[in-house]
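Listed below are the residues making up each chain.
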Amino acid sequence: MDIQNLLDDIVGTIKPQLGQGETARYIPQLGDVAADQFGISVATGDGEVYASGDSEVPFSIQSISKVFALALVLAGDGDGIWKRVFREPSGNPFNSLVQLEHEDGIPRNPFINAGALVVTDRLVSITQDAAGAVLDLLRTESGNNSVQIDSAVAQSEARHSHRNASLAHFLASCGNLENPVQDVLDAYINQCSLAMSCTDLALASRFLASNGICVDGTPLLSSPQTKRINAVMLTCGTYDAAGEFAYRVGLPGKSGVGGGIIAVVPNNCTISVWSPGLGRSGNSIAGVAALDEFTTRTGLSIF
Ligand code: DON
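Here is what the cut-offs are and how they apply
- Within every chain, residues take consecutive numbers counted from 1 along the sequence as written.
- Local features in this predicted model are restricted to residues of pLDDT 70 or higher, and side-chain atom pairs are both shown and tallied only at a pLDDT of 80 or more, whereas totals for entire chains, interfaces and linings draw on every residue.
- Heavy atoms from the whole structure form the basis of all side-chain values; hydrogens and water molecules are not counted.
- Pairing between two strands is assigned when DSSP locates at least 2 bridges connecting them.
- Secondary structure elements are taken from DSSP: a helix is a run of H or I of four residues or more, a strand is a run of E of two residues or more, and numbering for both begins at the N terminus.
- Here is the rule: rings of Phe, Tyr and Trp (six-membered ring for Trp) pair when centre to centre is within 6.5 Å. Planes less than 30 degrees apart are stacked, more than 60 are edge-to-face, and the remainder are tilted.
- Think of it in three bands: with a 1.4 Å probe and only protein chains considered, a residue is buried below 20% of the maximum accessible area for its type, exposed above 50%, and partly exposed in between.
- Whether a charge sits over a ring depends on NZ of Lys or CZ of Arg being within 6 Å of the ring centre and within 35 degrees of the ring normal.
- The cutoff for a nearby residue is simple: one of its non-hydrogen atoms must lie within 4 Å of the molecule or strand.
- Whenever a nitrogen or oxygen atom comes within 3.5 Å of another N or O atom, the pair is scored as a polar contact, on the condition that within protein one atom can donate a hydrogen and the other can accept it, and that pairs from neighbouring residues in sequence are kept only if both atoms are in side chains.
- The method behind every accessible area is Shrake-Rupley, applied with a 1.4 Å probe, and residues are considered shielded solely by the protein chains displayed.
- Using protein atoms alone on a 1 Å grid, points that fit a 1.4 Å probe yet trap it form a cavity, whereas open point sets bounded by protein on both sides within 12 Å along at least five of seven lines form a pocket; residues with an atom within 4 Å of a point count as lining.
- A molecule is said to be in a cavity or pocket once over half of its atoms fall within 2 Å of that pocket's grid points.

Asker: Whenever I open this one, the pairing of strand S2 (residues 49–53) confuses me. Can you help?
Answerer: Put simply, side chains in a regular strand alternate between the two faces of the sheet. Across 5 bridges, the pairing between strand S1 (residues 39–44) and S2 is antiparallel. By the bridge assignment, serine 41 is partnered in S2 with alanine 51. Between S1 and the antiparallel strand that follows it, S2, lie 4 residues; glycine 47 among them carries a positive phi value of about 95 degrees.

Written out as structure tokens, the structure reads:
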């Protein structure tokens, strides 16, 4: 299979779907991004990269950062985090408040906002600079030292963080935060505000397709830990659309409201797509369609 031809073809096939859905409206920096953009990149285990469309345009990675924060926490102190966060799909929107109260301040999974705040809290404890640790990992694994936090996005996120602040305060009231609410919020906002391209993200995700082994050959995660992160991505990575994503794409994946998605073909490759138009659950409409097309045409899925 000629992957480059396939990606070029997907860029053409996906065109009619560009602009469908809505860009994230809660901050202008995301709401105003041109919705007709689309990029796709594939990074293989043997170091090849294939890319097409707007694959080199940096975008706000948002919730995709939650995967890397979780990887660093599991690498830093093993399974302890699972006492503070479940790993079940929530079936609710990513920023929902209601379930957290019913379940006594233990978030359903590490990828909804409540769970990600707990993970970032732990990363603050381990590193003192959680967003810096995520940034370092992403720079090293992508090989791109110009990856950075978009400060305009971060400032805007901070001004519109009431919902995440509510979640963080509720977690604190249940004794499920180790650090001050503001420190955790700042770190979470900064990690969400990292800007990267599809190619950067496909490269940076390779350890998830390589049994936890980093680009320099050292292990970030053990093979079982990598299996478990991928399992949580499959079941929870696209929120209340995780069933539909598994049905259509058949791979572990993680989305962000910037319109990016990463997907992992274990022991083979990573795929990153980006298009800013989002569906009801906050996942890129054209991005999911492109991943569906990719796995359906290549047979590269876990099923
Ligand atoms: O915290 C938030 O709500 C946003 N900064 C990130 C949410 C997000 O990306 C959900 N993904 N689809």
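Asker: What exactly am I supposed to notice about the packing of aromatic side chains here?
Answerer: The geometry of an aromatic ring pair comes down to the distance between the two centres and the angle between the two planes. By the definition in use, this model includes 3 aromatic pairs. Measuring from centroid to centroid gives 6.1 Å for phenylalanine 68 and phenylalanine 207, while their planes differ by 65 degrees, and the two rings are edge-to-face. You can see phenylalanine 68 sitting in helix H3 (residues 65–77) and its partner phenylalanine 207 sitting in helix H11 (residues 206–209), a full 139 residues away along the chain. Its relative accessible area of 0% is what places phenylalanine 207 among the buried residues. Geometrically, the ring pair formed by phenylalanine 94 and tyrosine 239 is tilted, given 5.2 Å between the ring centres and 50 degrees between the ring planes. Taken together, the residues span a long stretch of sequence, with phenylalanine 94 in the loop between H3 and helix H4 (98–102) and tyrosine 239 in the loop between helix H12 (223–236) and helix H13 (242–248) at a distance of 145 residues. A cation sits over an aromatic face here: arginine 87 above tryptophan 82, 5.1 Å from the ring centre.

Asker: Would you mind showing me how to read the site of the ligand here?
Answerer: Around the ligand, the surrounding shell holds 14 residues, and the nearest of these are Gln62, Ser63, Asn113, Tyr188 and Val257. Side-chain polar atom of glutamate 157 to a nitrogen atom of the ligand: 3.1 Å apart, as the coordinates give it. One nitrogen or oxygen atom from the side chain of tyrosine 239 is found 3.4 Å from a nitrogen atom belonging to the ligand. Contact with the protein chains hides 97% of the accessible area of the ligand, taken as 340 Å² for the molecule alone. Judged by the proximity of its atoms to the pocket grid, the ligand belongs to the largest pocket.

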